[in-house]
Amino acid sequence: MAVENLPDFTRPARQRWESIPADIRQRLLANVWCGQCRHEVTITNFTGTIKGGDLLLVGKCAECHGDVARVIEG
Ligand SMILES: [Zn+2]
């Protein structure tokens, strides 16, 4: 997924996200833990914010469409 397709990132969150190499970003998005599926899933329809100095991605599980989140520590 291209960064250009992420309209719901705050500016600082986008800058943080863009500083991560593309292959790492892809990996981060593809192994988010889903508490309902009980395994790692791909996060979709996500937004990005900075919380407590960490990049917080909040979105939906690609499989069950439940809420999932990933914190990327700064
Ligand atoms: Zn799920």
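All residue numbers refer to positions counted from 1 along the written sequence of the respective chain. Given that this is a predicted model, residues contribute local features only at a pLDDT of at least 70 and side-chain atom pairs are listed and counted only at 80 or more, while totals for whole chains, interfaces and linings are drawn from all residues. The basis for the side-chain values is all heavy atoms of the structure; hydrogens and waters are excluded.

Notes on the overall build of the chain
So, point 1. Secondary structure elements follow DSSP: runs of H or I no shorter than four residues count as helices, runs of E no shorter than two count as strands, and numbering proceeds from the N terminus. Of the regular secondary structure elements, the chain holds two helices and five strands.
So, point 2. Going residue by residue from the N terminus, the α and β elements of the chain occur as α-α-β-β-β-β-β.
So, point 3. For 74 residues, the compact-globule formula gives about 11 Å, and the C-alpha radius of gyration of the chain, at 12 Å, lands near that figure.
So, point 4. In terms of overall dimensions, the chain has a C-alpha envelope of 30 × 25 × 20 Å along the principal axes.
So, point 5. Three exposure classes are used, based on accessible area relative to the maximum for each residue type with a 1.4 Å probe and protein chains only: buried under 20%, partly exposed in between, and exposed over 50%. Of all 74 residues assigned to the chain, the portion counted as buried reaches 34%.
So, point 6. Accessible areas in this description were obtained via Shrake-Rupley with a 1.4 Å probe; residue shielding takes into account the shown protein chains only. When the accessible area of the chain is evaluated, it comes to approximately 4600 Å², of which 49% is carbon and sulfur surface.
So, point 7. Neither His nor the chain termini are counted; the positive set is Lys and Arg, and the negative set is Asp and Glu. Charge positions come from single atoms, namely NZ of Lys, CZ of Arg, CG of Asp or CD of Glu. For the chain, the distance from the average site of its 9 positive side-chain charges to the average site of its 9 negative ones is 3 Å. Radius of gyration here uses only the C-alpha atoms, and the compact-globule reference equals 2.2 Å multiplied by the residue count raised to the power 0.38.

A few points about the coordination of the zinc ion
So, point 1. For the zinc ion, the full set of protein donor atoms is Cys 34 (SG), Cys 37 (SG), Cys 61 (SG) and Cys 64 (SG), and the range of their distances to it is 2.1 to 2.4 Å.
So, point 2. Between the donor residues of the zinc ion, the gaps in sequence give the motif C-x2-C-x23-C-x2-C. Assigned by exposure class, Cys 34 and Cys 37 land together as buried. Keep in mind that water is not among the atoms, so a site may look incomplete; donors are the N, O and S atoms within 2.8 Å of the metal, or 3.2 Å for Na, K and Ca.

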